[in-house]
Amino acid sequence: MAAQAPFADWRVLELSNGIAVSYCAKMFADAGADVVKVESPQGDSMRGWSAGGEPGALFGYLAAGKKSVVGHDDAEVTALLAGADVVLTDLTDGWTLDDITAHTGWSAVVVAVTPFGTTGPYVDDQLVANEFILQALCGSISGRGWPGDEPVQAGGRLGEWLAASFAAPVAAAAARHATRGGRGEVIDVSTYEAMAIAMGGLSAMSASVLGADSLLHQRSLELPSIVPTADGNVGFCTITAQQFQDFLIMIDRAELVDDAELASFVGRVERRDEFLDMVTQWTQTRTTQEIVDLAVAFRIPVAPIGSPATLPMVDHFVERGVFVQSEIGVLQPRVPYRSDAIATRPPGLPPLLGADNGRVHWPPRPARPNLAEASTLPLSDIRITDFTAFWAGPVATQFLGTLGADVIKLEGVRRADGMRFSAGRPPDWDQWWEWGPVFLCSNNNKRGISVELSTDAGRALALELIAASDLVIENFSPRVMENFGLQWDSVHAANPRAVMVRMPAFGLDGPWRDRVGFAQTMEQATGMAWMTGHADGPPVIPRGVCDPIAGLHAAFAAVAALVIRDRDGTGMHVESTMVESALNVAAEMLLEHSRNGIQMRREGNRGPGAAPQGVYRCQGDDEWVALAATSDVARAGLAALIDKPELGNEEAGWRERADEIDKLLSDWTARRPVGDAVAVLRAAQVPAARVTEAAALLSDPQLLARGFWETVDHPVAGSFRCVGMPFTFLGKPRRWIRHGAPLYGQHTSEVLAGVLGHSEEELAELRAAGATSVRPAGL
């Protein structure tokens with residue numbers, strides 16, 4: 001089958017002035033859509049943005065292959081709205097949803113990505129928040145760093161990229177539904193809610209499920225994580241007890257393998273100086289490559305710390321052709337998914353401002369027959385065989401299931417999803433494997449079955465289910481599906497219409513193919529960690545955001561593949577790698593280095609677009625206020641508060657005196673309770689927020705008012721609040737969780753009998769043969 005661009009006949013209108021919506025539209029442009037960017041006469045602010053050199057590197061990445069039209073309520077833009085299939089907006093430049101929907105067709109999908117969504121008390125109060133303030137609110141900043149030290153943001157404006165990663169697949173799924181007889185949707189996406197899920201959500205979910213027993217509430221850094229070597233830095237990740245024991249053996253400290261205190265995360269934190277000293281004594285006498293080679297042999301997740309200068313030279317990225325040159329000569333990551341059946345657009349030129357005025361003509365779409373009920377979810381025609389585990393893969397399948405797909409999750413008898421056992425209850429609890437908070441919050445709306453794939457009968461069951469499915473998704477290391485005999489050839493033979501999406505950490509080929517990789521490893525390898533941390537300290541992992549980002553990019557790739565499958569009925573094999581999704585989101589530092597030779601790096605809590613910006617200690621125990629002066633008005637208000645009118649309001653002057661101003665602000669905040677500091681700052685028109693611990697998200701008034709938290713009644717874990725999705729379909733009830741995560745093997749009989757047609761006698765034989773089970777083996 002010749003490769004096709006999934007969205008070659010789709011029209012996408014972009015009304016935005018920043019990163020989030022522009023990246024969302026880029027994902028559509030990459031997949032072949034005709035994307036027109038509507039700008040003000042001043043143009044998108046990203047046109048003039050640079051980290052310090054010639055502007056345009058980031059804009060060129062985001063806008064390549066798009067068209068540019070300058071306008072607002074004129075006839076040309078009105079006609080584009082009427083002819084668009086998808087409208088993506090951040091409601092800047094004076095746009096409102098009413099303006100937009102007044103002119104769109106009945107089948108158009110309109111997606112608004114805004115800081116808090118379009119409703120709620122923070123919107124009513126006109127709370128101003130940039131990425132940094134949102135990180136303070138969502139629990140991201142409070143959890144990063146050592147207790148007692150200044151907490152630190154995740155670098156690289158990850159929240160904006162994350163919001164785009166949610167918006168793109170929901171827009172694509174809704175647009176696919178509309179082309180097949182459904183109605184359009186108006187989708188309200190909240191960046192804050194996306195960040196609450198992926199940047200503060202792990203601790204919040206632990207607090208929700210486990211209550212007072214949750215251990216994830218205090219500020220911390222992982223041990224071991226990033227440490228210096230003889231020639232740079234290296235990053236480790238020891239998720240399992242076996243990995244940590246192997247780590248001790250690797251650093252020549254085998255005598256500590258039985259040290260119960262060191263074996264626990266809490267114990268390592270209490271002895272962190274001792275632990276870090278023994279680790280760095282070992283690492284600093286070896287080169288990064290020597291350590292990586294040794295850790296790989298031990299199967300310990302490991303990575304060199306990616307930086308702007310080193311990323312293009314990494315052997316794995318070079319061999320796989322991960323980086324490509326745009327038409328303006330800037331090195332950038334390629335589209336993060338690949339298939340012989342999918343044609344993606346190479347990075348072209350960004351448009352000149354207004355270059356396409358008068359040149360784009362989109363006649364209104366003809367009315368299509370309305371074949372679907374208004375309440376039908378976009379993917380209700382899809383069944384998924386779900387082989388995923390841990391977090392990234394389950395995020396992808398949960399996302400698709402939330403939008404209506406029938407997701408059937410297979411777990412082995414010998415090896416269930418490892419997240420069942422992570423950070424939940426101790427093994428002396430009854431059914432302790434049903435308590436993992438991350439598992440409970442990333443496997444909603446799925447049916448769970450027990451199938452041991454290492455048996456002939458189990459493999460046969462998997463192939464039967466594949467034959468009855470539209471999508472097959474897995475995120476094991478490449479050799480696992482090959483060992484089970486369930487690689488693409490077998491899937492395609494069982495079901496020529498099936499789309500198989502594989503989510504390996506590093507890809508299906510290349511030198512790193514068989515390496516173990518978790519989110520922490522991706523953050524270390526891609527530069528996310530390089531951009532996070534204090535300016536005078538080591539790189540720090542953002543912690544966790546790569547899992548959702550990988551899952552959401554895979555979900556987008558799955559919808560794109562389904563659109564092609566809808567046309568010709570033929571399935572396809574898609575590779576959507578975790579590391580390349582992360583590289584796309586972390587692209588700015590590579591772009592700036594390639595175009596301008598600039599080595600972007602971490603700068604603590606400072607950042608672009610605001611000066612001053614930081615967190616400052618207040619009265620009380622570990623209370624901090626975050627502020628970000630994003631305008632001249634905010635700087636003038638701040639100057640008045642600290643009684644320094646001579647500072648003026650120009651950003652350059654404040655940046656030049658940043659250290660001095662931080663001291664003045666620290667003196668000012670130290671005399672005030674955090675609530676008072678926030679109130680006074682906001683009254684002076686300075687964006688500000690308390691640095692909020694993640695557990696407090698459960699009572700956040702904005703999240704509660706918008707129905708973000710959904711109550712799940714679980715037969716073992718009881719009733720708890722769970723994250724749904726960070727968006728709502730306007731005009732429809734907001735309830736994304738139809739049923740909670742499945743108990744182990746809960747739906748085995750239901751699926752094997754109801755979907756595959758097996759009799760009770762056959763089910764009993766399968767259980768007796770060990771092909772299925774009512775509980776994981778060995779517990």
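Here's a quick rundown of the structure. (Residues numbered from 1 in each chain as written. Predicted model: local features only at pLDDT ≥ 70, side-chain atom pairs only at ≥ 80, totals over all residues. Heavy atoms only, no water.)

1. Things to note about the nonpolar core
Soluble globular proteins tend to bury their nonpolar side chains together.
Right, so step 1: Membership of the largest hydrophobic core comes to 170 residues, with the highest contact counts inside it found for Phe28, Leu400 and Phe727.
Right, so step 2: In terms of residues, this core owes the most to one element, helix α22 (residues 546-568), which gives 15 residues.
Right, so step 3: Filtering out sequence-adjacent residues up to four positions away, Phe28 remains in contact with Phe7, Trp10, Val12, Ala33, Val35, Leu88, Ala168, Ala171, Ala172 and Phe556. (Core = buried A, V, L, I, M, F, W, Y, C linked by side-chain atoms within 4.5 Å. Buried < 20%, exposed > 50% of the residue type's maximum accessible area, 1.4 Å probe, protein only. Helix = DSSP H or I, 4+ residues; strand = E, 2+ residues; numbered from the N terminus. Contact = heavy atoms within 4.5 Å.)

2. Some thoughts on the packing of aromatic side chains
Right, so step 1: This model, assessed by the stated rule, comprises 27 aromatic pairs.
Right, so step 2: Ring centres 6.1 Å apart and planes at 75° place the aromatic pair Phe399 and Phe727 in the edge-to-face group. Of this pair, Phe399 sits in helix α16 (residues 392-402) while Phe727 sits in strand β24 (residues 727-729), and the two are 328 residues apart along the sequence.
Right, so step 3: Overall, Phe399 belongs to the buried group, its relative accessible area being 1%.
Right, so step 4: Ring plane angle 20° and centroid distance 6.3 Å describe the contact between Phe727 and Phe729, whose orientation is recorded as stacked.
Right, so step 5: Site record: aromatic cluster; members linked through ring pairs are Phe7, Trp10, Phe28, Tyr337 and Phe556.
Right, so step 6: Over the ring of Trp530 we find Arg601; its NZ or CZ atom is 5.8 Å from the centre of that ring. (Phe/Tyr/Trp six-rings, centres within 6.5 Å; stacked < 30°, edge-to-face > 60°. Lys NZ or Arg CZ within 6 Å of the ring centre and 35° of its normal.)

3. Thoughts on the sheet that holds strand β8 (residues 233-236)
Right, so step 1: The strand order β7-β8-β9 describes an open sheet built from 3 strands, whose pairing is antiparallel. A strand with exactly one partner marks an edge of an open sheet, and here the two such strands are β7 (226-228) and β9 (302-304). Neighbour-to-neighbour, the strand axes of the sheet open up by a mean angle of 25°, direction not taken into account.
Right, so step 2: Where β7 lies against β8, 3 bridges are found, and the strand directions are antiparallel. Residue Val227 lies in a different strand from β8, and its bridge partner there is Val234. (Pairing = 2+ DSSP bridges. Axes fitted to C-alpha atoms, helices over the stretch in contact; angles between N-to-C directions.)

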